[in-house]
Amino acid sequence: MTTTAEPTTLEVGKARVRKEDQRLITGRSRYTDAITPPGTLHIHVVRSPLAHATITGIDSTAAKAAPGVIGVYTAADLGIEAVGLPAAWPITPDWKAPQRPVLASSTVHFAGEGVAVVVARSAAEARDAGDLVEVDYDPLEPVLDMEAALAEGATLVHPDLGTNENATWVFDSGEAGTGSSATDAVAAAEADPDAIVVKRRFRQQRLIPAFMEPRSCVVDPTGEQLTIYAATQIPHILRTMTTVTLGVPESKVRVIAPDVGGGFGGKIAVLPEEMLCVTLAQKLGRPVKWTETRSESLLAAHHGRDQIQDITVAARKDGTVLALDVKLLADMGAYLGLVGAGVPILGAFMFNAIYKFPAYRFSCTNVFTTKTLTDAYRGAGRPEATFAIERIMDELAVELDRDPMELRQQNWIKHEEFPFTTVCGLTYDTGNYEQATEHAVATFDYAGLRREQEQRRASNDPVQLGIGISTFTEMCGLAPSRVLGSLSYGAGGWEAASIRMLATGKVEVITGTSPHGQGLETAFSQIVADQLGVPFEDVEILHGDTQISPKGLDTYGSRSLSVGGPAIMMAAQKVIAKAKKFAAHLLEASEDDIEFANGQFTVRGTDKGKAIQEIAFAAFMAHDYPDDVEPSLDSDAVYDPDNFSFPHGTHLAAIEVDTETGRVNLRKYVCVDDIGVVVNPLIAEGQVHGGLAQGIAQALFEEANYDEQGTLVNGTFVDYTLPSAADLPSFDTDTVSTPSTSNPLGVKGVGEAGTIASTPAIVNGVLDALRHFGVTDIQMPTTSQRVWRAIQEAKGRSTQETPVDTHSPGAGLGSIDPNNPPQEIVTPEEGQ
Amino acid sequence: MAQVRVTVDGVNYADDVEPRMLLVYYLRERLGKTGTLVGCDTSNCGACTVHLNGQSVKSCSVLAVQADGGEVTTIEGIARDGKLHPVQEAFREYHALQCGYCTPGMIMQAIDLLGDNPDPDEHEVREGIEGNLCRCTGYQNIVRAIQGAAQKMKPGATSDSEQRVSVAGGGN
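Residues numbered from 1 in each chain as written. Chains lettered and ligands numbered in written order. Predicted model: local features only at pLDDT ≥ 70, side-chain atom pairs only at ≥ 80, totals over all residues.

> I'd like to hear about the overall build of chain B, residue by residue, with values.
Counting secondary structure elements, chain B contains 5 helices and 5 strands. Seen in sequence order, chain B has helices and strands lined up from the N terminus as β-β-α-β-β-β-α-α-α-α. Relative to the compact-globule value of 16 Å for 172 residues, chain B shows a C-alpha radius of gyration of 16 Å, a close match. Taking the principal axes of the C-alpha coordinates as reference, chain B spans close to 45 × 35 × 30 Å. For chain B, with 172 residues in total, the buried portion stands at 55%. Here the contacts in chain B between residues at least 6 apart in sequence split such that 63% fall between residues at least 24 apart. (Helix = DSSP H or I, 4+ residues; strand = E, 2+ residues; numbered from the N terminus. Rg over C-alpha atoms; globule rule 2.2 N^0.38 Å. Buried ≥ 20, exposed ≤ 12 C-beta atoms within 10 Å, placed from the backbone. Contact = placed C-beta atoms within 7 Å.)

Here it is in structure tokens:
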């Protein structure tokens, strides 16, 4: 057998460079588009250019005659008109859910919806032929504005539902018994001269996840099982949902998620194109492949956010918060995605955040429009909640003329009050807001920057300084299965793991999570190395193939480490328990006398011992083992968490605003996050960096806009402006740790923290720079033009003279300015 | 069909291609060089960046026939004599990649940048990779990696961090 080096120090906590990287830095990657089995046919989806229209005719004669074309099909041709893609989160018993077809048959409901599919020998031939498919449409009125969509007499997206309302979901702490009535408390505060009520309307613009790898799938029907290769975050769920959707027996479906180039929630989906590939592969008996273009991705892959938030906070004039009332409208788009209806609910329990509100009411109405559907995007519900609460806390501070940090401190849960059960009924296990804040404030030089701000105001400096604060928390680790059940979610929240001890002492770990950039192969290896006392290099993490990893619930919601990690830990502990019996037998000792540490089983009080690798070999040989056990150390575990985990942190942004041009410069960003036990600080820091970039991008750069016809106007990377390296500064990030007590690893989750926290910090900072001009709100993204207009309007100047488009970096090729259609000019009055 | 003769990662090829075929698809579909990736269709993302005759190009913006007679280097051809390029090594060392999709293009652009400017400051690095988008890292560690590689590549710097390329892959 192979003897390997003894591990010397604990792996958890070490800044290991990633195992994953060797392949990826040398181009030895396997993203789905690299997979082309012999005989593969390629599809191109013909998409509607109109947002809302009746299909009056499809002529595919010319397309069918084009070179290399195998066939052109509509839903009727494929017999899939009745198939509906899954919406797995029926948030209320009486929700209204439309059928979401694989291809539209009679009516299209958003620009980008598929109406026909071309199958050809090559992708290029399929696309060429797609241009020859003639589709006749009778245009219908688009439905674009959520409030108008809910008004009496509005055009209905789905007339058969009788309404544009999907559902209204309400949480009221008075009714739930977790607090008092927010409605009563707000009414009382309005009548109380010693109280104040602050109401604001915030807009969560529509965003696009924009993972770098376009979506792709290959369906190979040539084996006994149908193999689906997919650029997905959810191979296990996709497998089950393929059965639910198309009726293929689950045992006949194998899903492989090979290298996946990012997801950010955007690859939590069951795609019409995936179901088309399955249908066509079965029909034609050949592998069928689809890889989208970037433009298709921006147009048709699900979007995120898009809420109107009416927020009311009541407080005593001494600053003590009394009640929070949240009314949301959430744009579902044309159909319901896999979990889209529930995304706002993932935020419902987080609006109260770190503050001790005694009364809370949340109400969200989901609305159908003729736009691309929305679903999970990094943070899913929690960035929206955090933005609203952190913005309104600043507004309350302004109204009370208080320092915004001091007001937060007055109201947050004190360290000694943990565990703390919130007004939503969630129990925050651990946290130390004082520690994170103290650390962040010192690093940031909060006092010094406040002094500089005063000086700039006093000297009327053309470049004003603002300080933005966000003291966020979030709930991670989806999720206790019973909690999900109580919310009518379409699955549990457990995670599975298996450990195989190979004959030569190497260790294979199978996880049901599905990493796609998070570095979990490295982090999980560190955990297993410590648990089993084996070298880090000897651990191999297997995932992303339902034949290798048959059981799992995949990767989203910052769950992989906090739910998948404990599952692996439990499997490791079972391996050790089994190995102990072998060790006792081989060492001729009582099992009670066997001790295990650092990979060695020893007999207490003696120098007799055996390494775990020797035990693994003995179990493999099975020549000599105890009578009452099976000859194997291999173990499975399923972990179902008892509670969520609650990362938190203090984020501080120093924002310079050029008041003459409106340009916003993020000068300094400091964050101190409490993510519990850190398994790998290098990877954790990377997750924070990337999260910050996406949250900051929401505040400053990104927005998916539709014109009055319902056409997405930023459907390329020219117009949908992801930040480049030149648009961002380096961040000053750090962590403090109060280990979670909700899971045995003490971890909290880090994948979404930066995104959730950073957006309000930026917007609070922009406004803080401009408050003294009378600017009270600027919609996101706070582009130069919007900032400039807000300053001009606050000064009472006309802004009819539109400055040269400066709406965001990299833009300029778009024919219209999507961020500033004339009807959307924000005035301070509207901003309230 | 048009003929293209090209050297890619040190190997000579002669192929008949459709005149409209982009270099990136020639590399991926005809030569099997799938390490070079496609991330967009408007030449914004830079995932497909390779070197053509020593200069970085977005291979989605070059026709295969335009590379005729030229020399192309991809991410698969920069490790030499079994050793990673210092920029590859730095990307790993500084955790400059997560999902890895922008990485090949980013590394190729970084090498080009360091060829023009062997000791760039942070601002120069950020400007120099502006044409390559990353959605995972927030760029901070990419910037660090490129500056770190610059130090390693300076004349006289030791190359002790270079590691043998692992053929079977995996853990280091």
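So, next bit.
> Can you tell me about the interface of chain A and chain B, naming the residues and giving the values?
With 47 residues of chain A in contact, the opposing surface of chain B contributes 50 residues. With 7 residues, the single largest contributor to the side of chain A that touches chain B is helix α20 (residues 681-700) of chain A. For the side of chain A that touches chain B, a count of residues per class yields 21 nonpolar, 17 polar and 9 charged. (Nonpolar A, V, L, I, M, F, W, Y, C, P; charged D, E, K, R; others polar.)

> Talk me through the sheet that holds strand β2 (residues 11-17) of chain B; I want residue IDs and the actual numbers.
In sheet architecture, strand pairing relies on hydrogen bonds along the backbone and comes in two forms, parallel and antiparallel. Residues and elements named next belong to chain B. Strand order across the open sheet formed by 5 strands is β2-β1-β5-β3-β4, with mixed pairing between neighbours. The sheet is open, and its two borders are formed by β2 and β4 (55-58), each paired with just one other strand. For this sheet the average axis-to-axis angle between neighbouring strands, irrespective of direction, equals 40°. Relative to strand β5 (residues 71-73), strand β1 (residues 2-8) runs parallel, the two being bridged by 2 bridges. Bridging from a neighbouring strand, Thr-7 pairs with Glu-71 of β5. Each of β3 (49-52) and β4 is contacted by helix α3 (residues 103-116), which is oriented at about 40° to β3, the strand it contacts most. (Pairing = 2+ DSSP bridges. Axes fitted to C-alpha atoms, helices over the stretch in contact; angles between N-to-C directions.)

> Would you mind going over the nonpolar core in detail, with residue names and values included?
Residues and elements named next belong to chain A. By size, the foremost hydrophobic cluster in this structure holds 312 residues, and its most contacted members are Ile-43, Val-118 and Val-766. Broken down by element, the residue count for this core peaks at 12 residues, all from helix α18 (residues 560-586). In this structure Ile-43 touches Val-117, Val-118, Val-119, Ala-126, Leu-276, Cys-277, Leu-280, Val-288 and Trp-290, once residues within four positions along its chain are discounted. (Core = buried A, V, L, I, M, F, W, Y, C linked by C-beta atoms within 7 Å.)

> Let's hear about the domain arrangement of chain B: which residues, and what values?
All names here are of chain B. Annotation of chain B at the domain level lists domain 1 (2-77) and domain 2 (86-153). One C-alpha centre belongs to domain 1, the other to domain 2; they are set 21 Å apart. Counting residues at the interface gives 15 residues for domain 1 and 11 residues for domain 2. Sorting the residues of the side of domain 1 that touches domain 2 by element identifies β3 and β4 as the ones contributing at least two each. The element that contributes the greatest number of residues to the side of domain 1 that touches domain 2 is β3, accounting for 3 residues. Looking at the side of domain 1 that touches domain 2, its residues break down into 6 nonpolar, 9 polar and no charged. (Domains from an automatic or database assignment.)

> Describe in detail the pairing of strand β9 (residues 216-220) of chain A, supporting the description with residues and values.
Residue and element names in this part refer to chain A. The element β9 is largely enclosed, with a buried count of 5 among its 5 residues. With 4 bridges connecting them, β9 and strand β10 (residues 226-230) associate as antiparallel partners. Residue pairing in the sheet places Asp-220 in a bridge with Thr-227 of β10. Between β9 and β10, which pair antiparallel and follow one another directly, the connecting turn spans 5 residues.

> Any chance you could break down the pairing of β3(B) for me, citing the residues and the numbers?
Residues and elements named next belong to chain B. In the sheet, β3 pairs with β4 via 4 bridges, with the strands oriented antiparallel. Opposite His-51, over in β4, you have Ser-56 as the bridge partner. Here 2 bridges tie β3 to β5, and the two strands are oriented antiparallel to one another. Following the sheet pairing, Leu-52 is matched in β5 by Val-72.

> Any chance you could break down the environment of A:Thr240 for me, citing the residues and the numbers?
Relative to the elements of secondary structure, A:Thr240 occurs in helix α8 (residues 235-246). A C-alpha to C-alpha distance of 8.6 Å links A:Thr240 and A:Val253, two positions 13 residues apart in sequence.

> I'd like a rundown of the domain arrangement of chain A, residues and numbers included.
All names here are of chain A. What the domain assignment reports for chain A is domain 1 (21-29 + 494-639) and domain 2 (32-140 + 214-260 + 267-300). The gap between the C-alpha centroids of domain 1 and domain 2 is 40 Å. Taken together, the contact between domain 1 and domain 2 spans 13 residues of the former and 14 residues of the latter. Here the side of domain 1 that touches domain 2 is built from residues that sort into 2 nonpolar, 9 polar and 2 charged.

> Give a description of the packing of α3(B) against helix α5 (residues 140-153) of chain B that names residues and reports values.
Residue and element names in this part refer to chain B. At a minimum axis distance of 11 Å, the contact between α3 and α5 shows a crossing angle of 45°. Taken as axis vectors, α3 and α5 run oblique relative to one another. As α3 runs across α5, the sense of the crossing is right-handed. Two secondary-structure elements touch here, α3 through Met-106, Ala-110, Leu-113 and Leu-114 and α5 through Ile-142, Ile-146, Ala-149, Ala-150 and Met-153. Across the contact of α3 with α5, the residue classes break down as 9 nonpolar, no polar and no charged. (Parallel < 35°, antiparallel > 145°, perpendicular 65-115°, else oblique. Left-handed = near helix turned anticlockwise from the far one by under 90°.)

> Which residues make up the sheet that holds strand β4 (residues 107-108) of chain A, and what values go with them?
An order of β4-β2-β6 (chain A) is seen for the 3 strands of this open sheet, with the pairing classed as antiparallel. Edge positions in the sheet fall to β4 and β6 (134-139) of chain A, since each of these pairs with one other strand and no more.

> Go over unusual backbone geometry, please, and point to the residues and values.
Residue A:Ala479 is reached from A:Leu478 by a cis peptide bond, and omega for that bond is -15°. For A:Ala479, the position within the fold is in the loop between β18 (463-473) and α16 (481-486). Backbone torsion omega between A:Met780 and A:Pro781 reads -10°, so that peptide bond is classified as cis. Here A:Ala210, not a glycine, exhibits a phi torsion of approximately 55°, which is positive. By the secondary structure assignment, A:Ala210 is in the loop between β8 (195-207) and β9. Judged by the 27 C-beta atoms lying within 10 Å of it, A:Ala210 falls in the buried class. Located in the positive-phi region is B:Asp81, a residue other than glycine, with phi close to 55°. Among the secondary structure elements, B:Asp81 is positioned in the loop between β5 and α2 (86-93).

> Could you give an account of the environment of A:His623, naming the residues involved and the relevant values?
All names here are of chain A. You can see His-623 is positioned in the loop between α19 (612-621) and β25 (635-639). Judged by the 7 C-beta atoms lying within 10 Å of it, His-623 falls in the exposed class. With 121 residues separating them in the primary sequence, His-623 and Pro-744 have C-alpha atoms 36 Å apart.

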